[in-house]
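# Per-entry structural report
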2 protein chains.
Amino acid sequence: MLLQQYNLKVTPQRLEIVKILQEKGHLNIDELYTLLQKKFPTLSLATIYKNINKMCENFFVSEVKVPNQKNVYELTKKEHSHIVCSQCGTILDVDIDTLELNHKAQEVSHYKIDRSSIIFNGICPQCLKNK
Amino acid sequence: MLLQQYNLKVTPQRLEIVKILQEKGHLNIDELYTLLQKKFPTLSLATIYKNINKMCENFFVSEVKVPNQKNVYELTKKEHSHIVCSQCGTILDVDIDTLELNHKAQEVSHYKIDRSSIIFNGICPQCLKNK
DNA sequence: CTAAATGCAAAGCATTTGCAAATAT
DNA sequence: ATATTTGCAAATGCTTTGCATTTAG
């Protein structure tokens, strides 16, 4: 199982967290809590915090900081960017090659750049229709 | 004065906030508080929060969300990106043209993209030297 | 003169911690 | 068998609110 490879013991609660993240993609703590409670009515917020923190430390999960929203969490995958709908808040993954971009930033800044995270801001097709 | 154009009354405290932001570029709430107290020993954290919040609402100041750091604030200027040193935390502004990038994201996603914020992660020249 | 800003204390949330019991390996 | 995880309650920490006083326009 995936979890073990990240030094995380496999518990029912964690399995459910993984399942939810797989299905929904990006969730904040409260959304996770609400969904998890359906299956584990006694599950406490503290457990979620402990788990998500540990999963982030171990790079099994990644935190995404979105403007004007609570932080959301996703299963760590191949580097990618995010598009946020400023209307409805939906977050979409998108594959954008950032190599060239990183190079440019490196030239300009003389920093040694190894990663970049991009958040695009726009309006999703659904919200565009509803206007 | 700048502040008035953003519907912000000019107070000594605010002037000092502006001055500090101009000089230091990016600061979190606590750093601002520490610096402001030098000039205004009675100044309260609540005042800073109120001011920064108002300044953000009025787009006079912008919030920057940095991975693994507290949010920092800067005077709103022409769109630009940020480079964060993963060693010492220093944040640098950098001018990167994002037009092409936004186009690409728009094509891939079918969102109507109007802005993007990029955070580069790397090591600053200073920290590179100290190795 | 009026509306807004300041500073204090208190309130409100979000997150973390400590600990006993339960669980995974 | 041991170390980790869970869930609860309590503690901490960060941010906001209410209110009386002061200040800006």
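Residue indices begin from 1 for each chain and proceed along its sequence in written order. Ligands are numbered from 1 and chains lettered from A, in the order in which they are written. pLDDT decides what is reported in this predicted model: residues at 70 or higher carry local features, side-chain atom pairs at 80 or more are listed and counted, and totals for whole chains, interfaces and linings draw on all residues regardless. To obtain the side-chain values, all non-hydrogen atoms of the structure were included, while hydrogens and water were left out.

## Looking at the relation of the copies chain A and chain B
We place the copies in one frame by least squares, fitting the C-alpha atoms of every residue whose pLDDT is at least 70 in both. The transform that puts chain A on chain B rotates by 180 degrees and translates by 0.0 Å along the axis, for an RMSD of 0.1 Å. Accordingly, the operation relating the two chain copies is best matched by a two-fold axis. Minimal C-alpha separation from the rotation axis in chain A is found for I118(A), amounting to 2.2 Å. The contact definition used throughout considers only heavy atoms, calling two residues in contact when any of these lie within 4.5 Å. Counting the interface residues of chain A, we find that 100% of their copies in chain B are interface residues as well, pointing to one common contact surface.

## Thoughts on unusual backbone geometry
With a phi close to 65 degrees, H110(A) is a non-glycine residue in the positive phi region. By the criteria applied, helices consist of DSSP H or I runs no shorter than four residues and strands consist of E runs no shorter than two, each listed in order from the N terminus. Tracing the sequence through the fold places H110(A) in the loop between α5 (99–109) and β5 (112–123).

## Looking at the domain arrangement of chain A
Residue and element names in this part refer to chain A. When the domains of chain A are assigned, the result is domain 1 (2–75) and domain 2 (81–129). Domain segmentation is taken from an automatic or database assignment of domains. Taken over C-alpha atoms, the centre of domain 1 sits 23 Å from the centre of domain 2. Taken together, the contacts link eight residues of domain 1 with six residues of domain 2. Interface area for domain 1 against domain 2, summed over the two sides, is near 550 Å², with a carbon-plus-sulfur share of 65%. The quantity reported as buried area is the accessible area (1.4 Å probe) lost by two parts once they are put together, taken as the sum for both. Counting the surface domain 1 buries against domain 2, the share from its top three residues, H26, V66 and Q69, is 60%. We count a salt bridge whenever a side-chain nitrogen from Lys or Arg sits within 4 Å of a carboxyl oxygen from Asp or Glu. Viewed at the interface, domain 2 and domain 1 are joined by zero salt bridges. As used in this structure description, the phrase polar contact means that two N or O atoms lie within 3.5 Å; if the pair is within protein, one of them must be able to donate a hydrogen and the other to accept it, and residues adjacent in sequence are counted only when both atoms belong to side chains. Joining domain 1 to domain 2, the criterion identifies three residue pairs in polar contact (both at pLDDT 80 or more). Residues are sorted three ways: Asp, Glu, Lys and Arg are charged, Ala, Val, Leu, Ile, Met, Phe, Trp, Tyr, Cys and Pro are nonpolar, and all the rest, Gly among them, are polar. Each residue belonging to the side of domain 1 that touches domain 2 can be placed in one class, and the counts come to four nonpolar, two polar and two charged.

## Section: the interface of chain A and chain B
Each partner contributes residues to the interface: chain A has 36 residues there, and chain B has 36 residues. With both chains or domains summed, chain A and chain B bury close to 2,900 Å², and 64% of this area falls on carbon and sulfur atoms. Of all residues in chain A, K65(A), Y111(A) and N121(A) bury the most surface against chain B, accounting for 22% of the area lost on that side. At the junction of chain A with chain B, the criterion picks out zero salt bridges. Counting across the chain A and chain B interface gives twelve residue pairs in polar contact (both at pLDDT 80 or more).

## Some points on the nonpolar core
We call a set of buried Ala, Val, Leu, Ile, Met, Phe, Trp, Tyr and Cys residues a nonpolar core when their side-chain atoms join them within 4.5 Å. Burial status follows relative accessibility: with a 1.4 Å probe on protein chains alone, a residue under 20% of its type maximum counts as buried, one over 50% as exposed, and anything between as partly exposed. With 26 residues, the main nonpolar core has I83(A), L101(A), F120(A), I83(B), L101(B) and F120(B) as its most contacted residues. Among the elements of the structure, β3 (81–85), α5 and β5 of chain A together with β3 (81–85), α5 (99–109) and β5 (112–123) of chain B are those that each provide at least two residues to this core. Leave out the neighbours within four places in its chain, and L101(B) touches I96(A), L101(A), I118(A), F120(A) and I118(B).

## Description of the protein's contact with DNA strand C
By convention in these notes, a residue is near a molecule or strand provided one of its non-hydrogen atoms lies within 4 Å of it. Neighbouring DNA strand C are 20 residues, the closest being Y49(A), T11(B), R14(B), T42(B) and K50(B). Considering the 4 Å shell around the protein, atoms of DNA strand C inside it are sugar or phosphate in 73% of instances. For DNA strand C, a sugar or linking oxygen lies 3.2 Å from a polar atom in the side chain of K9(B). Mapped by element, the contributors of at least two residues to the surface near DNA strand C are α4 (45–57) of chain A together with α2 (12–24) and α4 (45–57) of chain B. In terms of residues, the surface near DNA strand C owes the most to one element, α4(B), which gives five residues.

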